[in-house]
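Summary of the model geometry
Here is what each chain is made of, one letter per residue.
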Amino acid sequence: MSPSIAFIGRALRYSPRSVDKDAAIMEAVRQALEAKGLLCLKPVSEEQLSQLPEADAYVTMGRNMKTLRLLAAKEQQGKTVVNPTNSVALCNHRKLLMQQLEQSGISVPPLVGCEGYWVKRGKGCREADNDVQYAPDFETAEALGKEMNQRGISEVEMRAHVAGFWVKFYGVCNTDFFRSYLVEDGTVRPFQRQDLHKLANTAVEQVGLEVYGGDFIVSATGPVLIDLNDWPSFSPCREEAANAIARRVIDRLTKQES
């Protein structure tokens, strides 16, 4: 019998402006796995979960703690879960994530600068536009942080703005899939630079992600990692990404069986 795959969709509040895009990459992965002969269960949103369906593998974009606890129990049973729950939990704690990456020698935005600051939710996923805000100076950044506290956000991450070119990247670990794009004036175009792939790999290995995306600022002194995400929407490269994710899931299942 073919291995069975369960699909867990992301809660709507964790997909600001990206609900349709997130659903599209999940469906593309499901179709890619189905085309390879695997038994693919009907996707379910983490908002509807009371318990997980029985399956050999779990392909999940879920981020809430209940979902992660349910999936962690499946991992303990030896089931394949993509992405691993520990890596998703770390990405959900931005402040801790940035600290860990920095301690590993990866260049991240400094705590102090002279070109303004970015104030972001430090723990938990972005749920609204004002969970990420720019401040022209430290005093304004502190005020924005206090406003976030008043909205119920207990931890706030403040990092200095880094000037340079904005590059978005997408990848799937242990495959040949990695794509990077320069973002300028709202447009996105392919941007090739070998050191970005190496730096992204280093960061991903530290966190344990398999399906990932993020953002670099290519500054005058080199690339700075400003964000690392579990399972983005892969909008510029969805079909390629879906096939790479499917290969990764099958590879994990093969190792699980051996």
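To keep things clear, this report deals only with the structure shown in the data block. (Residues numbered from 1 in each chain as written. Predicted model: local features only at pLDDT ≥ 70, side-chain atom pairs only at ≥ 80, totals over all residues. Heavy atoms only, no water.)

Considering the nonpolar core
The condition is simple: Take the buried Ala, Val, Leu, Ile, Met, Phe, Trp, Tyr and Cys residues and link them wherever side-chain atoms come within 4.5 Å; each set so joined is a nonpolar core. When accessible area is computed with a 1.4 Å probe and restricted to protein chains, residues below 20% of their type maximum are described as buried, those above 50% as exposed, and intermediate ones as partly exposed. We count a stretch as a helix when DSSP gives it H or I for four or more residues in a row; a strand needs E for two or more, and each element gets its number in order from the N terminus. We call two residues in contact whenever any of their non-hydrogen atoms come within 4.5 Å of each other.
In terms of nonpolar packing, the biggest core is built from 29 residues, with Leu 33, Trp 231 and Phe 234 touching the most fellow members. Counting residues per element, the ones that place at least two in this core are strand E1 (4-9), helix H1 (19-35), strand E4 (57-60), strand E9 (165-172) and helix H7 (238-257). Examining the composition of this core, we find that seven residues originate from one element, H7, more than from any other. In this view, Phe 234 contacts Ile 25, Tyr 170, Gly 171, Phe 177, Val 211, Tyr 212, Ala 241 and Ile 245; residues no more than four positions away in its chain are not counted.

Considering the packing of aromatic side chains
Which entries qualify depends on this criterion: Each pair of aromatic rings taken from Phe, Tyr and Trp, with Trp reduced to its six-membered ring, is defined by centres within 6.5 Å and is described as stacked if the planes are under 30 degrees apart, edge-to-face if over 60, and tilted in the remaining cases.
Using the criterion set out here, one finds eight aromatic pairs in the structure. Both rings, one in Tyr 170 and one in Tyr 181, keep their centres 6.1 Å apart while their planes meet at 70 degrees; by these two values the pair is edge-to-face. Of this pair, Tyr 170 sits in strand E9 while Tyr 181 is found in strand E10 (residues 178-184), placing the two residues eleven residues apart along the sequence. We classify Tyr 170 as buried; its relative accessible area is 8%. Judged by centre distance (6.2 Å) and plane angle (55 degrees), the ring pair of Phe 177 and Phe 234 falls under tilted. Separated by 57 residues along the polypeptide, Phe 177 in the loop between E9 and E10 and Phe 234 in the loop between strand E13 (222-230) and H7 bring together distant segments of the chain. For Phe 177, a relative accessible area of 3% corresponds to the buried category.

Here we look at the pattern of salt bridges
Operational definition: The term salt bridge refers to a pairing of a side-chain nitrogen on Lys or Arg with a carboxyl oxygen on Asp or Glu at a separation within 4 Å.
Summed over all chains, the structure comprises 21 salt bridges. The salt bridge involving Arg 252 is made with Glu 210; its shortest N-O contact spans 2.8 Å. One end of the pair, Arg 252, is in helix H7; the other, Glu 210, is in the loop between helix H6 (194-207) and strand E12 (211-219), with 42 residues separating them in the sequence. Put simply, Arg 10, Asp 22, Arg 63 and Asp 230 are held in one network by salt bridges that share partners.

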